[in-house]
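Close look at the chain arrangement
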Amino acid sequence: MDQEKVIVIDFGGQYNQLVARRVRECNVYCEIYSYRTDLEQIKAMNPKGIILTGGPNSCYEADSPTYKKELFEMGIPVLGLCYGAQLMQHVLGGKVEKAPVREYGKTEVFVDTTSGLFSNVGEKAEKIDFPKIKLDDHESDTNKTTCWMSHFDYISKMAPGFRAVAHTADCPVAAAECVDKKLYAIQFHPEVLHTVEGSKMLYNFVRNICGCAGTWRMDSFVENTIKEIREKVGDGKVLLALSGGVDSSVAAGLISKAIGKQLICVFVDHGLLRKDEGDEVEAVFGENGQFDLNFIRVNAQDRYYGKLAGVSEPERKRKIIGEEFIRVFEEEAKKIGAVDYLAQGTIYPDVVESGLGGESAVIKSHHNVGGLPDFVDFKEIIEPLRNLFKDEVRRAGLELGIPEKLVFRQPFPGPGLGIRIIGEVTADKVRIVQDADYIYREEVDKAAAEYKKEHGVEAPWMPNQYFAALTNMRSVGVMGDERTYDYAVALRAVRTIDFMTAESAEIPFEVLQTVMSRIINEVRGVNRVFYDLTSKPPGTIEME
Ligand code: XMP
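These numbers were taken from a predicted model, which means no experiment stands behind them.

Our focus in this paragraph is the overall build of the protein chain. Scanning the protein chain from N- to C-terminus turns up 14 helices and 18 strands. Here the C-alpha atoms of the protein chain give a radius of gyration of 26 Å, agreeing with the 24 Å that 2.2 N^0.38 yields for 544 residues. For the C-alpha atoms alone, the extent of the protein chain along its principal axes is close to 80 × 60 × 45 Å. Counting all 544 residues of the protein chain, 55% fall into the buried class. Look at the contacts in the protein chain between residues 6 or more apart in sequence, and 75% of them connect residues 24 or more apart. Summed over its atoms, the accessible surface of the protein chain is roughly 24800 Å², and 48% of this surface lies on carbon and sulfur atoms. Taking the 66 positively charged and 83 negatively charged side chains of the protein chain as two groups, their mean positions are separated by 1 Å.

Before going further, it helps to examine the site of the ligand. Surrounding the ligand, one finds Arg318, Pro411, Pro413, Gly414, Pro415, Ile419, Gln465, Phe499, Lys536, Thr540, Ile541 and Glu542. Lys536 is positioned such that a nitrogen or oxygen atom in its side chain is 2.6 Å from an oxygen atom of the ligand. One of the side-chain N or O atoms of Glu542 is found 2.5 Å from an oxygen atom in the ligand. Against a free-state accessible area of 500 Å², the protein chains account for coverage of 68% of the ligand. Looking at the shell around the ligand residue by residue, the classes come out as six nonpolar, three polar and three charged.

So, on to the domain arrangement of the protein chain. Annotation of the protein chain at the domain level lists domain 1 (5-209), domain 2 (218-412) and domain 3 (420-532). Using C-alpha coordinates to define each centre, domain 2 is positioned 29 Å away from domain 3. At the junction of the two partners, domain 2 supplies 16 residues and domain 3 supplies 17 residues. Taken together, both faces of the contact between domain 2 and domain 3 bury some 1300 Å²; the carbon and sulfur share is 55%. Linking domain 2 to domain 3 there are one salt bridge. Its salt-bridge partner being Asp435, residue Lys275 comes within 3.0 Å of it at the nearest N-O pair.

As a further point, take the sheet that holds strand β1 (residues 5-10). Reading across the sheet, the nine strands line up as β2-β1-β3-β4-β9-β8-β7-β5-β6 and stay open at both edges, with mixed pairing between neighbours. The open sheet is flanked by β2 (29-34) and β6 (144-157), the only strands paired with a single partner. Mean inter-strand twist for the sheet, computed between neighbouring axes without regard to direction, equals 20°. With three bridges connecting them, strand β3 (residues 49-52) and strand β4 (residues 78-81) associate as parallel partners. Each residue of the ladder has a partner; that of Leu52, found in β4, is Gly80. Docked against the sheet, helix α1 (residues 16-25) engages β1, β2, β3 and β4, running at close to 160° with respect to β2. Relative to β3, helix α4 (residues 198-209) is tilted by about 155°, and along the sheet it contacts β1, β3, β4, β6 and β9 (183-186).

If you trace the five strands from one edge of the open sheet to the other, you get β12-β11-β10-β13-β14, paired in parallel fashion. Two strands close off the open sheet at either side, each with one partner strand: β12 (294-299) and β14 (380-382). Averaged over all pairs of adjacent strands, the angle between their axes in this sheet comes to 25°, without regard to strand direction. Sheet topology note: the strand β10 (residues 238-242)/strand β13 (residues 341-343) ladder contains three bridges and is parallel. Looking at β13, one finds that Leu239 is bridged to Leu342. The strands that helix α9 (residues 314-336) touches are β10, β11 (263-269) and β12; relative to β11, the one it contacts most, it runs at about 150°.

Procedures and definitions
- Residues numbered from 1 in each chain as written.
- Predicted model: local features only at pLDDT ≥ 70, side-chain atom pairs only at ≥ 80, totals over all residues.
- Heavy atoms only, no water.
- Helix = DSSP H or I, 4+ residues; strand = E, 2+ residues; numbered from the N terminus.
- Rg over C-alpha atoms; globule rule 2.2 N^0.38 Å.
- Buried < 20%, exposed > 50% of the residue type's maximum accessible area, 1.4 Å probe, protein only.
- Contact = heavy atoms within 4.5 Å.
- Areas by Shrake-Rupley, 256 points an atom, 1.4 Å probe, with all protein chains shown as cover.
- Lys, Arg positive; Asp, Glu negative; His and termini not counted.
- Charge placed at Lys NZ, Arg CZ, Asp CG, Glu CD.
- Near = heavy atom within 4 Å.
- Polar contact = N/O pair within 3.5 Å; in protein donor to acceptor, adjacent residues only side chain to side chain.
- Nonpolar A, V, L, I, M, F, W, Y, C, P; charged D, E, K, R; others polar.
- Domains from an automatic or database assignment.
- Buried area = accessible area lost by both parts, 1.4 Å probe.
- Salt bridge = Lys/Arg side-chain N within 4 Å of Asp/Glu carboxyl O.
- Pairing = 2+ DSSP bridges.
- Axes fitted to C-alpha atoms, helices over the stretch in contact; angles between N-to-C directions.

This is the structure we're talking about:
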């Protein structure tokens, strides 16, 4: 890609992807590479700037991650963050030691002198329009700003040629610079939101110091990618498994704009989707939708219910659902015959988490359509979203005209409602959970919209994922004058950033009451509604 680029060198910090996302928010393209990446390889990428991330080690210890001194001598601007800042000082002849006081959390930083990095930062800042940055009105005379600190080592002596530009109560060098060599070091984390003006500091670095023009925009990404796909595929055929999720939908939109009917999308409706979801996907991508492509919908509900009959063990259910998907897809692929390309909706976090970029441990394999390549007859895989973060995928989706409802869809597990129905899955239980879930989402969305309209901000309880599940419990109730013996629905709503840990969301009680009464009145077969208060851990977000 012929694109101005900043390289993020990853030293194992937990915020590495966040650094890259913040840079991209400045309309600058960036990629993450491990500190093990060879200097020649980095040079060959011709970066406009380099950012060194934080990391858990002490740079003065023998086995700690490090980098060659030459990195700082190429004339390319380098910004070190936390561990990266310490490493820069250490390698260039400064001194890093265990700090007398460990700093952790929100901390006031005093900016002592003017510096390009802190241009328009702090209480003396002039009001200017930075993207996504809001400046409050300040009357105070001191120039300070709030940042997020997390370190036990500190820079006790700066390397020759550097000057300190900021300090905190416990840290004499909170930021340092050597303008002549374009080297900058920040002890805190500008990438996390707790550093109130962190985005502005990163903007100052990539746009002003590195001189990036800010050409990374989703409209040009969409336009360029369509061109690239068209050139690459020529008159070949592309096959894509469309799940209805955000990533595969955006991939389908992009490829169809490039090559039209040469794209064949197979959409397997396994009968475990949310209410009306299959039809919604068909409305967008099917014959009467807005995209020009070959859309094959396989209605495999009965097949799935047949396979799942009598099975209640969660892992077994997951396995059956996964295997059946491969089988259905295989049958379709056989009908289609050989294709030139298999397309996948892999996105950048998949790439980084599979250990292909950065320093993160291998969390999952990046083939998000596991197993498909084994039997589909194709020459090459294409992954048009491989360089995008999720929010960028969403913006690309909007550029392509994919409806907001689909673009902002909340995460939905591959095995679908199969793991939201505890115990055996039947068509009737699917109907119950679909209807209850629909009511729940409708009421939560309505209450959230009302809150936003009234207060001008998102509701503090707004969950990141919320759904209804069906417990396998039946209990006695009374409705009208009749005794009932029906199922209990469990409502789940969590607030989370990374989906690895989560808290139960404090949905207002009156909203829950409305949901409860609507579900009991409108969904046949339910006579009790529970709200799940469990956090993760010890619970998981899904029920199975
Ligand atoms: P858990 O239940 O593990 O869920 O706390 C964490 C997040 O992952 C989603 N999830 C899945 N996604 N296939 C998927 O594609 C799966 O088998 C699967 N299981 C859980 C879940 O919805 C939540 O967002």
